Every structure is written in C-alpha cells, then in structure tokens.
Amino acid sequence: MKKLLLLIAVLTLGGCMGMPQSLRPVTDFELNRYLGKWYEIARLDHSFERGLSHVSAEYTLRKDGGVRVLNRGFLASENRWKEAEGKAYFVGKSSEGYLKVSFFGPFYGAYVIFGLDTENYQYAFVSGPDTKYLWLLSRTPAVEPQILEKFIETSKAAGFDTDALIFVEQN
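First, a word on scope: everything that follows refers to the structure included in this document.

Along the backbone of the protein chain there are 3 helices and 9 strands. Computed over C-alpha atoms, the radius of gyration of the protein chain comes to 16 Å, within 12% of the 16 Å expected from 2.2 N^0.38 for 171 residues, which places it in the range of a compact globule. Dimensions of the protein chain along its principal axes, counting C-alpha atoms only, are 55 × 40 × 35 Å. Scored against the burial criterion, the 171 residues of the protein chain give a buried share of 43%. Long-range pairs, those at least 24 residues apart, make up 52% of the contacts in the protein chain between residues at least 6 apart in sequence. With the model as given, the accessible surface of the protein chain reaches about 9,900 Å², and the carbon-plus-sulfur share is 55%. On the protein chain, the mean spot of the 20 positive side-chain charges and the mean spot of the 20 negative ones are 10 Å from each other.

Looking now at empty space enclosed by the protein. The final tally for this structure, using the stated rule, is 1 cavity of 30 Å³ or more. Taken as a whole, the largest cavity encloses approximately 90 Å³ of empty space. Lining the largest cavity are Phe-29, Leu-31, Tyr-34, Leu-35, Tyr-59, Val-67, Val-69, Ala-88, Leu-99, Val-101, Tyr-111 and Ile-113. Sorting the residues of the lining of the largest cavity by element identifies α2 (31-34), β3 (67-75), β5 (98-104) and β6 (107-116) as the ones contributing at least two each. Here the lining of the largest cavity is built from residues that sort into 12 nonpolar, no polar and no charged.

Once that is clear, we can look at the nonpolar core. If you look at the biggest cluster of nonpolar residues, it comprises 21 residues, and the most contacted ones within it are Tyr-34, Tyr-59, Tyr-111 and Ile-113. A total of 3 residues in this core trace back to one element, the largest contributor, which is β6. Look past the residues within four positions of Tyr-59 in its chain and what remains in contact with it is Tyr-34, Leu-35, Gly-36, Trp-38, Val-67, Arg-68, Val-69, Tyr-111 and Leu-137. Counting residues in each nonpolar core, the second largest holds 14 residues, with Leu-44, Phe-151, Ala-158 and Phe-160 among its members.

Phi at His-54 is positive, roughly 50°, even though this residue is not glycine. Residue placement: His-54 occurs in strand β2 (residues 52-61).

Let us now look at the pairing of β3. As defined by bridge partners, β2 adjoins β3 across 8 bridges and the pair is classed as antiparallel. Paired with Leu-52 across the strands is Leu-75, a residue of β3. Where β3 and strand β4 (residues 80-90) come together, 9 bridges link them in antiparallel fashion. Looking at β4, one finds that Arg-72 is bridged to Glu-83. The loop that links β3 with its antiparallel partner β4 comprises 4 residues; one of these, Asn-79, has a positive phi angle of about 50°.

Let us now look at the layout of surface pockets. Volume-wise, the largest pocket comes out at about 850 Å³. As for the largest pocket, its lining consists of 33 residues, of which Phe-48, Asn-71, Val-101, Phe-103 and Trp-135 are closest to the centre. Within the residue set of the lining of the largest pocket, elements represented by two or more residues are β2, β3, β4, β5, β6, β7 (123-127) and β8 (134-138). Across the lining of the largest pocket, the residue classes break down as 21 nonpolar, 7 polar and 5 charged.

Across all of its chains, the model carries 8 salt bridges by this definition. Here Arg-43 and Glu-40 are joined by a salt bridge, their closest N and O atoms 2.5 Å apart. Each member of the pair, Arg-43 together with Glu-40, is buried. Between Arg-43 and Glu-49 there is a salt bridge, and its shortest N-O distance comes to 4.0 Å. A single burial state applies to Arg-43 and to Glu-49, both of which are buried. Put simply, Glu-40, Arg-43 and Glu-49 are held in one network by salt bridges that share partners.

What counts as what
- Residues numbered from 1 in each chain as written.
- Predicted model: local features only at pLDDT ≥ 70, side-chain atom pairs only at ≥ 80, totals over all residues.
- Heavy atoms only, no water.
- Helix = DSSP H or I, 4+ residues; strand = E, 2+ residues; numbered from the N terminus.
- Rg over C-alpha atoms; globule rule 2.2 N^0.38 Å.
- Buried < 20%, exposed > 50% of the residue type's maximum accessible area, 1.4 Å probe, protein only.
- Contact = heavy atoms within 4.5 Å.
- Areas by Shrake-Rupley, 256 points an atom, 1.4 Å probe, with all protein chains shown as cover.
- Lys, Arg positive; Asp, Glu negative; His and termini not counted.
- Charge placed at Lys NZ, Arg CZ, Asp CG, Glu CD.
- 1 Å grid on protein atoms, 1.4 Å probe; cavity = no way out; pocket = protein on both sides within 12 Å on 5 of 7 lines; lining within 4 Å.
- Points joined across faces, edges and corners; volume = space filled by probe spheres on them.
- Nonpolar A, V, L, I, M, F, W, Y, C, P; charged D, E, K, R; others polar.
- Core = buried A, V, L, I, M, F, W, Y, C linked by side-chain atoms within 4.5 Å.
- Pairing = 2+ DSSP bridges.
- Salt bridge = Lys/Arg side-chain N within 4 Å of Asp/Glu carboxyl O.

Just distances and angles here, no functional claims.
Here it is in structure tokens:
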C-alpha cells in the first residue's frame, strides 16, 4: 500500500512539471534580461489569482542561483493587496525558457516561456504544466494590439481556451 501511495504521489507531482505537448520552450533564453518587473496583461482563471487586478511579477536572482518570484495583485472585494513569494529554478539548460516554480514548500509547477520578444524582452507568453494555465506578461501595463493578437492566435493554436481569457485591469 505504501508503494502505491508513493507511486501516486510521484506521478501527481511529476505531472506538474510537464508542459502542453503542443508547446516548446523558447531557446537562447537569457535570464538576466528576463529579470525585473512584468505586468500581467491576460490570463486564464485559476483560484490563486481569482479576482485580482493590477497583477505584477518581479523576478530577482537568489543567492543559490535560483530566481526569487514576487507576485502581487489587488483584491478589490477586500480592498487589499495580496502577495505571494516563491522561487524558481531551471528544469534543464539555462538557455531554455523552462523553469520550475514553487510557492508552497517542496511542490513545484512548470513555468514554460513559449513566446518571447527576443530582441527587447518586452513581452512573454507563459504556460504552466497544461493548457489550464496561461499568461501574457509585459514590461508595460499595456501591449500593442498586434502583440495581443499574436498571443491569442499562438495560444489558441496550442490548444488553450482563449475565449476564457481574463484581461487584467492595470490602470
């Protein structure tokens, strides 16, 4: 019985580190250029961000070589800011936009950068372990219409439900 429970736990946790089969992480990724503040432009709904506006993520280097993640958003229904601090590490090569991120102890989830402005690092398309998790991040609180269109087209082609996107208030 213990072996069965262990196997189920390993398979469950391992499933959080995968990525949608239709995606590939960006290559030639440069972490130092990705560090800093990003604004959440669009996302699919999930419980840990439900109701939040003015959402941002800030990435800084950790002393252990990982990345400190600070997510922040405003919950209007409670008139307060919510923050979550986590850590992230590369799953494979540091030149590949595929990291594992944790906000809850030893439990990690996939963070897959599958689209990126490689010239200026001004926007990023990010997925979690499956097509239930999707974000459009930008260095500015708004993006040009063609970037949003590219995000929606790319995400839809990869199997995400783009009709369910939430466009985050940032003003």
